[in-house]
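If you want the building blocks of each chain, they are given just below.
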Amino acid sequence: MIQTIIFDMDGVIVDTEPVHRYAYFKHFEELEITVSEEMFTSFTGNSTRNVFQKVKDIFGLSHDVEDLIQRKRTLFNDAFDSKEDLYLLDGVEVLIKELHQKGMQLILASSASKVTIDRVFKRFGLHQYFSHIVSGEDFPKSKPDPAIFEFAASLSNASKENCIVIEDSTNGVKAAVLAGIYCVGYNSEHSKLQDLAEANFVINHFDELNFDIISTL
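On a predicted model such as this, the values are computed, not experimentally measured, just so you know. (Residues numbered from 1 in each chain as written. Predicted model: local features only at pLDDT ≥ 70, side-chain atom pairs only at ≥ 80, totals over all residues. Heavy atoms only, no water.)

(A) Spotlight on helix α1 (residues 17-31). Here α1 is 15 residues long and its end C-alpha atoms lie 21 Å apart, about the 21 Å a rise of 1.5 Å per residue gives. Of all the positions in α1, only Val19, His20, Ala23, Tyr24, His27, Phe28 and Leu31 are classed as buried. Considered in projection along α1, the buried side chains sweep an arc of 165° and stay on one side of the axis. Next to the buried residues of α1 lie α2 (37-42), α3 (48-59), α4 (65-82) and α6 (114-124). Just downstream of α1, Glu32 is the residue with a positive phi angle, here 60°. (Helix = DSSP H or I, 4+ residues; strand = E, 2+ residues; numbered from the N terminus. Expected span 1.5 Å × (residues − 1). Buried < 20%, exposed > 50% of the residue type's maximum accessible area, 1.4 Å probe, protein only. Arc of directions from axis to C-beta. Contact = heavy atoms within 4.5 Å.)

Right, here's the structure in full:
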């Protein structure tokens, strides 16, 4: 029986992708580099550090990776704080509250930085529902490397076989599969360019999931 749900954040709990996208492309513009849509899509699921390590290598930038990260975060934070129309994805808050109320353990495993996760969780009052928060900035490699999900599963009150991951990205699904954890792919309007074919189960809306359904997975 499933006892622990491991959630991704961006694109699963809240759609901060447009804010991240704005910050990245504003920064790319400042750096005078041209990042294609295909290249940018391939970065989905990567930590900010790994994105800029790749960008630095591809474009031969002389900038320090930490400086690149801090500038992007400044752009993100300014945009995040001024964006009023930022909401949790449809149906996910109802699911989170139901699962928590019925005793399931919830863990967050996101490629986002701790600062960004805390900003989102404080804005929407989510800390109370999650037993652990795992940030991708603590791992040298980003998804599809399975380390973040393997670590999240190690924090579970149950065995890995009693955990599931909810992901919306190609890299996230691959990471869950490599970690040997049952994966629910969330095929939202925001993940049109993502391949969820390796997920065990795919949903198009969170009303397709509830405690009873998850308990039988």
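(B) Structural context of the packing of aromatic side chains. Applying the stated rule across the entire model yields 12 aromatic pairs. Feature note: the residues Tyr24, Phe25, Phe28, Phe40 and Phe52 constitute an aromatic cluster, connected by ring pairs. Over the face of the ring belonging to Tyr24 we find Lys72, whose NZ or CZ atom lies 4.5 Å from the ring centre. Geometry around Phe80 places Arg123 over its ring, the cationic atom sitting 5.1 Å from the centre. (Phe/Tyr/Trp six-rings, centres within 6.5 Å; stacked < 30°, edge-to-face > 60°. Lys NZ or Arg CZ within 6 Å of the ring centre and 35° of its normal.)

(C) Main features of the layout of surface pockets. As a volume, the largest pocket reaches approximately 710 Å³. Contributing to the lining of the largest pocket are 34 residues, with Glu17, His20, Phe40, Thr44 and Gly45 lying nearest its centre. Of all the secondary-structure elements, those providing two or more residues to the lining of the largest pocket are α1, α2, α3 and α4. The class makeup of the residues in the lining of the largest pocket is seven nonpolar, 15 polar and 12 charged. In this model, the second largest pocket occupies a volume close to 210 Å³. The wall of the second largest pocket is formed by 14 residues, among which Asp15, Tyr87, Leu89, Glu189 and His190 lie closest to the centre. Taken together, the residues of the lining of the second largest pocket sort by class into five nonpolar, four polar and five charged. (1 Å grid on protein atoms, 1.4 Å probe; cavity = no way out; pocket = protein on both sides within 12 Å on 5 of 7 lines; lining within 4 Å. Points joined across faces, edges and corners; volume = space filled by probe spheres on them. Nonpolar A, V, L, I, M, F, W, Y, C, P; charged D, E, K, R; others polar.)

(D) Region of interest: the environment of Lys26. With respect to the helices and strands, the residue Lys26 is situated in helix α1. Each C-alpha atom of the pair Lys26 and Leu75 lies 7.8 Å from the other, and the pair is 49 residues apart in sequence.

(E) Spatial organisation of the sheet that holds strand β6 (residues 201-203). The sheet built from six strands is open, its strands ordered β3-β2-β1-β4-β5-β6 with parallel pairing. Two strands close off the open sheet at either side, each with one partner strand: β3 (132-135) and β6. Averaged over all pairs of adjacent strands, the angle between strand axes in this sheet comes to 20°, irrespective of strand direction. As defined by bridge partners, strand β2 (residues 105-110) adjoins β3 across four bridges and the pair is classed as parallel. By the bridge assignment, Ala109 is partnered in β3 with Val134. (Pairing = 2+ DSSP bridges. Axes fitted to C-alpha atoms, helices over the stretch in contact; angles between N-to-C directions.)

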